Each structure stands twice: as structure tokens, then as C-alpha cells.
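Residue strings, one per chain:
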Amino acid sequence: MDQNSDIILRMKHISKSYPGVKALSDVNFDLRRGEVHALLGENGAGKSTLMKVLSGVVQADSGEIIIDGKPVHITDVSDARECGVSIIHQELNLISEMDAAQNIFLGREPKIFGNVIDSKRMYREAADIMRRLDFSMDLKIPVKNFSVATRQMVEIAKALSLDTNILIMDEPTAPLTSVEINELFKLIRTLKERGISIIYISHRLEEIPEICDRATVLRDGHYIGTDDVKNLDRATIIQMMAGRVLKELFPKTEVPIGETLLEVNNLTTPLLQGVSFTVRRGEILALTGLIGAGRTETARAIFGIDPIQAGTIAIGGKAVSIRSPAEAIRHGIGFLTEDRKAQGFVPDMSVKENISLPTLKSMQKSTVISSRRERAVVDRHVKELRIKTPSTGQSVRFLSGGNQQKVVLAKWLNLDPDIIILDEPTRGIDVGAKTEIYTIKTEIYTIMGDIARRGKAVIIISSEMEEVMAISDRAVVLFEGRKTGEVERREYSQELLMHYAMGG
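Definitions and limits used
- Residues numbered from 1 in each chain as written.
- Predicted model: local features only at pLDDT ≥ 70, side-chain atom pairs only at ≥ 80, totals over all residues.
- Heavy atoms only, no water.
- Helix = DSSP H or I, 4+ residues; strand = E, 2+ residues; numbered from the N terminus.
- Buried < 20%, exposed > 50% of the residue type's maximum accessible area, 1.4 Å probe, protein only.
- 1 Å grid on protein atoms, 1.4 Å probe; cavity = no way out; pocket = protein on both sides within 12 Å on 5 of 7 lines; lining within 4 Å.
- Points joined across faces, edges and corners; volume = space filled by probe spheres on them.
- Nonpolar A, V, L, I, M, F, W, Y, C, P; charged D, E, K, R; others polar.
- pLDDT = per-residue confidence, 0-100.
- Contact = heavy atoms within 4.5 Å.
- Pairing = 2+ DSSP bridges.
- Axes fitted to C-alpha atoms, helices over the stretch in contact; angles between N-to-C directions.
- Parallel < 35°, antiparallel > 145°, perpendicular 65-115°, else oblique.
- Salt bridge = Lys/Arg side-chain N within 4 Å of Asp/Glu carboxyl O.
- Expected span 1.5 Å × (residues − 1).
- Left-handed = near helix turned anticlockwise from the far one by under 90°.
- Phe/Tyr/Trp six-rings, centres within 6.5 Å; stacked < 30°, edge-to-face > 60°.
- Patch = residues over 30% accessible without salt bridge, like charges linked within 9 Å, V, L, I, M, F, W, Y side chains within 5 Å.
- Areas by Shrake-Rupley, 256 points an atom, 1.4 Å probe, with all protein chains shown as cover.

**Observations regarding unusual backbone geometry**
Although it is not a glycine, Asp220 adopts a positive phi angle of roughly 50°. As for its placement among the helices and strands, Asp220 is situated in the loop between strand S11 (214-219) and strand S12 (222-228). Overall, Asp220 belongs to the exposed group, its relative accessible area being 57%. You will see that Asn266, though not glycine, has its phi angle at about 55°, which is positive. Tracing the chain through its elements places Asn266 in strand S13 (residues 260-269). Its relative accessible area of 38% is what places Asn266 among the partly exposed residues.

Written out as C-alpha cells, the structure reads:
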């Protein structure tokens, strides 16, 4: 059979932009009837945006979608469903207090006598769908009592009840055990046999040859290529995802590395599995990995936000017990969180008030804040960090994203911690031109280098391999809550870091 004649879906020249970001640029994708097609790429490659376009969550700026040979116009989720497209998100979309049948037919319950739900018919049809899936469950138990795998089965049953022909599965195995994954793969093969086409998004490359027929790779919003899975080994996929090793765009401050300052040994929480690493004075250590790898969770445990089940933390060679952020700060640890707007600064307070807030006691003269001392401290930080503001009395909410981030940095530097953790410090910088983004990033990286030069230990959490290679001396790579690799700067390559980030 001509394979092109069996194409159920074509997405042609799809482009989508957000303010300051080109999420998709002229992307092509096709899907055959009854195949499992892997959609692969690093964080930010455009996978989710492409699937949001297909499932009606967002609309493309340009491009064409053809289903069963006919151009379609998908403006919302209901349009997608009319076209036979359903998506199962990683975060399952079920009503926990309702039972399985109620969730399957939510909003589409069969009726009798006008507006009365026909419960017998609803449970009968739900049972019929479960038989088609070769799966047995009590349809009258609230889904909150089911395992994640069983709840996922309810989502799949819901999709089949909608006469779905194209099923998008976003990281479906992420929360599952190995036994549950085998059951899911068995179900996927059953769906294939019945002619349902599946778009399969996963960061677990070992799954791709086991369950997928073809794979398409995106990188930085661009289409890179499509091939049969049998022609693609792990190294080739990683090469396609990562691209060539990029020339460093940002300066790296070379600083003498001193003695070990922070030692984390066998750190274990409900989300971390025995994570161990050290950080030395003058060193910038990157904690990297894909979304959900456990990077932020590691920082939260060190900073006393999340309780530790096992493991030890030592600072300067001495074991410490950190059970709260206040204790972490007393031990000389600072933590710049990823969500600066919610947790980093007070939007309606001024630049001066935000920077001086943690150290007001040191600025007191008797019971009164010394305005002169406060102004001197704040002015110094504004000058050193090159914070662009009309005055230190300006509300922080009116500053650009990059300058808001600098205010948060200034607040922590005011406390003078020996160890500072920066969680995605350059993410979400809302400036326009790319050159401006590079300027702001360069300034933040320079600040990090200055911190290291003063003998402090810096931990940067980042999912951008380019950033990791540009700014850090060493990288610890996490995957699903465990450490999979540790790479020195001289060994850096995107391929190697991605290999570990994929669980290698």
C-alpha cells in the first residue's frame, strides 16, 4: 500500500508566536492510520505547542491542518473533538469525587424523558468501552480511589467514547511503575490494531523503539526530521534533539576553585532518590535535567522547604540539620526561586524596600531605620547590579523582568550568603529583541561570576543546555529524582548532557 495514501493527519507549515518567542516556525508533521508516532525534543522544542494547536487549545498563526484528506479549521477543543482528536495530558483531567462512568460521559450523559440521565445506559456503554480495552474495573467507585494507571485508563476510555481517531499521549508513562507501563503498552498495541493513531510524547528514549513506529524531532520550534524508529538509535535521536555544540554566547568568569563548602549525601525525599553532590568555594555548579527531573525539589530540600526522609547535608565540613528556610538562611544559604513574582519580591513595594527588607534590623539606629544607611546599601546594589529604574522609590512591578530578577538577587546579596541557589534565573525575562535578552542574561551571568569570585558557592538550576555549558564549572544531571551523571566543564557537550538527562 502507498504509505502516503494512509495518512490520517497532516500539519503543514505550522507557525505560532508569543510575545518575544517564536514557539513554532514552519513545522510539518504527519500521522498514519494505526501508527504510534513519537514526537521528541528538548524542553521548549515546541512539542506541547504543536499539540495544543492540534487539540484546539491554541490557534496557529499560520499553516494548515488536514484530517482524512480534508482541510479543517480547529478553533477550540470542541472542534478538535469533532475532528476525532483527543489528548491525554500528563496531569489527568478527572473529577476525583465522581466514578469512572460519570467521568467518561461528563457533560455528554445519555438522557431519557428529556433531561433525566439514563444511568443504566451510561454504565452499560462504559462497560462496553472497557471490554473493548480488555480492562476490568468497578465503574461505580470514585476515581480518587484508583491508581494513577487506572485513572489513566478512564481518560483513554473517555477518548474512545468521543469516537477518537487521533489520540495524543503526553508523557503517559511518567507516573507509572514498570508493571503499569507494560500494561499501558499492551493497551496501545490494542488501540493500534483497531486503527487508532497515537501521537506519543516522551522523554524516555528507551520506550521509543519498543512502542513507536516513527519519530519526529523538533528543536527550538523548528522541524528537524522524521524517520522510522528502526533507523534511529539513541545517539542519533539525541544528536537531532540537541544539534551541534553551540558556540558560547556568554562570558565565563574564571575563578580559582577552593575547598568544599556544601556536601549533600544520599538526599532522599518522596521525590528524590539518594541524590549526592558537592559544591566548592568559587564554583558554579549546574543542577540540570528535564522538567520533572527533581532539580527544584533538590533545592527545596536543601533550603528546608521540603522535609528530608534520609541523607545528610554538611556545610564547611560540619553536618547541619535544616528544617526550615529560616534555618537555611542562618546557615548561610540563599535561594532565588523560579517564580520570582509569587515568591521573590513584593510587587507593590519599591526597589529600595524590597532590597533592604531582609536586613532592616542591621539598619536600625535605636528603634528607627537609618534612612542614610538604607539608601547607601540600596544605591550600592543598584549600581553594582546595573538595575535600570527611574529611582529606588519605583514599584518593582513596573520594572522589566530582567531588572525584577536583579532586585531579587540584590535582596539575597544583601544577606551575604556563602551558598546561593538560583532556580532558572534567566527564565521569563520579558524583553523584546533577542539581543536585549542576551544583554540581560550576560549581566546576570556576570553577577554570578562576581559572586563566585568572592569565594561563594553558586548552584544554578537550568534546563537550557546552552546556559549550563556557558556559565557553569560542573554539571550534576538528574532524571526522575535520581542523579544519572556528573560532567566537568572540559567534557561538556549537548549530546552527553542530554544522554544523562534522558536517564542514560
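**Some thoughts on the layout of surface pockets**
Approximately 400 Å³ is the volume attributed to the second largest pocket. Lining the second largest pocket are 21 residues, and of these Val77, Arg81, Ile87, Asn93 and Lys158 lie nearest its centre. Going through the elements one at a time, helix H2 (77-82), strand S6 (85-88), helix H3 (100-104) and helix H5 (148-161) are the ones with two or more residues in the lining of the second largest pocket. Examining the composition of the lining of the second largest pocket, we find that four residues originate from one element, S6, more than from any other. Its residues placed into classes, the lining of the second largest pocket shows twelve nonpolar, five polar and four charged.

**Quick notes on the confidence of the model for the protein chain**
Model confidence for the protein chain is summarised by a mean pLDDT of 85, while 90% of its residues fall at 70 or above. Scored below 50 in pLDDT, residues 244-249 shows 13 contacts in the model against residues more than four places distant or in partner chains. This stretch, residues 430-436, has a pLDDT under 50; its non-local contacts, to residues over four places away or in other chains, come to eight contacts.

**Quick notes on the sheet that holds strand S24 (residues 482-488)**
Taken in spatial order, the six strands of this open sheet run S18-S21-S22-S15-S23-S24, and their pairing is mixed. This sheet does not close on itself; its edge strands, each paired only once, are strand S18 (333-336) and S24. Going from strand to strand, the sheet's axes swing by 20° on average, the running direction of each strand aside. Here strand S23 (residues 474-479) runs beside S24; their pairing, made up of six bridges, is antiparallel. The residue bridging Val476 from the neighbouring strand is Glu486, located in S24. Relative to the sheet, helix H14 (residues 401-415) contacts S18 and strand S21 (419-423), its axis offset from that of S18 by approximately 170°.

**Some thoughts on the packing of helix H4 (residues 119-132) against H5**
At their nearest, the axes of H4 and H5 sit 10 Å apart, and the two run at 105° to each other. Considering the angle they form, H4 stands roughly perpendicular to H5. Across the interface between the two elements, Ile129, Met130 and Arg132 from H4 touch Met153, Val154, Ala157, Leu160 and Ser161 from H5. Of the residues in the contact of H4 with H5, the class split is six nonpolar, one polar and one charged.

**With respect to the pattern of salt bridges**
Per the stated rule, a full pass over the model turns up 24 salt bridges. With a shortest N-O distance of 2.5 Å, Glu486 and Lys483 are connected by a salt bridge. It is possible to trace a salt-bridge network through shared partners that takes in Arg280, Glu283, Arg474, Lys483 and Glu486.

**Some remarks on H5**
Count 3.6 residues to each turn of an α-helix, and residues three or four apart come out pointing the same way. With 14 residues, H5 extends 20 Å from end C-alpha to end C-alpha; this agrees with the ideal 20 Å at 1.5 Å per step. Counting buried residues in H5 gives twelve out of 14 residues, a clear majority hidden from the surface. Buried within H5 we find Ala149, Thr150, Gln152, Met153, Val154, Glu155, Ile156, Ala157, Lys158, Ala159, Leu160 and Ser161. In the stretch just after H5, Asp163 is the one whose phi turns positive, near 60°.

**A short note on the packing of H5 against helix H6 (residues 178-193)**
With their axes 11 Å apart at the nearest point, H5 and H6 run at an angle of 15° to one another. Classed by the angle they form, the pair H5 and H6 counts as roughly parallel. At the point where H5 passes H6, the crossing takes the right-handed sense. Residues Ala149, Gln152, Met153, Ile156 and Leu160 of H5 form the contact with H6, whose participating residues are Glu180, Leu184, Leu187 and Leu191. Residues belonging to the contact of H5 with H6 are distributed by class as follows: seven nonpolar, one polar and one charged.

**Structural notes on the packing of aromatic side chains**
Enumeration according to the criterion identifies two aromatic pairs in this entry. With 5.4 Å between their ring centres and 65° between their planes, Phe303 and Phe335 make a pair best called edge-to-face. Of the two residues, Phe303 sits in the loop between helix H9 (295-302) and strand S16 (310-315) while Phe335 sits in strand S18, which places them 32 residues apart along the sequence. In this structure Phe303 comes out as buried when scored by relative accessible area, which is 5%. Ring centres of Phe303 and Trp412 lie 6.0 Å apart, and the angle between their planes is 80°; this geometry places the pair in the edge-to-face category. Here Phe303, found in the loop between H9 and S16, pairs with Trp412, found in helix H14; they are 109 residues apart in sequence, far enough to count as distant. In terms of burial, Phe303 and Trp412 fall into one category: buried. One aromatic cluster is present, built from ring pairs that chain together Phe303, Phe335 and Trp412.

**Examining a nonpolar patch on the surface**
On the surface, a nonpolar cluster with roughly 320 Å² of combined accessible area is contributed by Ile112, Phe113 and Val116. As for its placement among the helices and strands, Ile112 is situated in strand S7 (residues 111-112). A relative accessible area of 31% means that Ile112 is categorised as partly exposed.

**Digging into the pairing of strand S15 (residues 284-288)**
The buried fraction of S15 is high, at five of five residues. Here S15 runs beside strand S22 (residues 457-462); their pairing, made up of five bridges, is parallel. When the sheet's bridge partners are listed, Leu285 is paired in S22 with Ile459. Bridge analysis of S15 against S23 gives four bridges, and the strand direction is parallel. By the bridge assignment for S23, Leu287 is matched with Val476.

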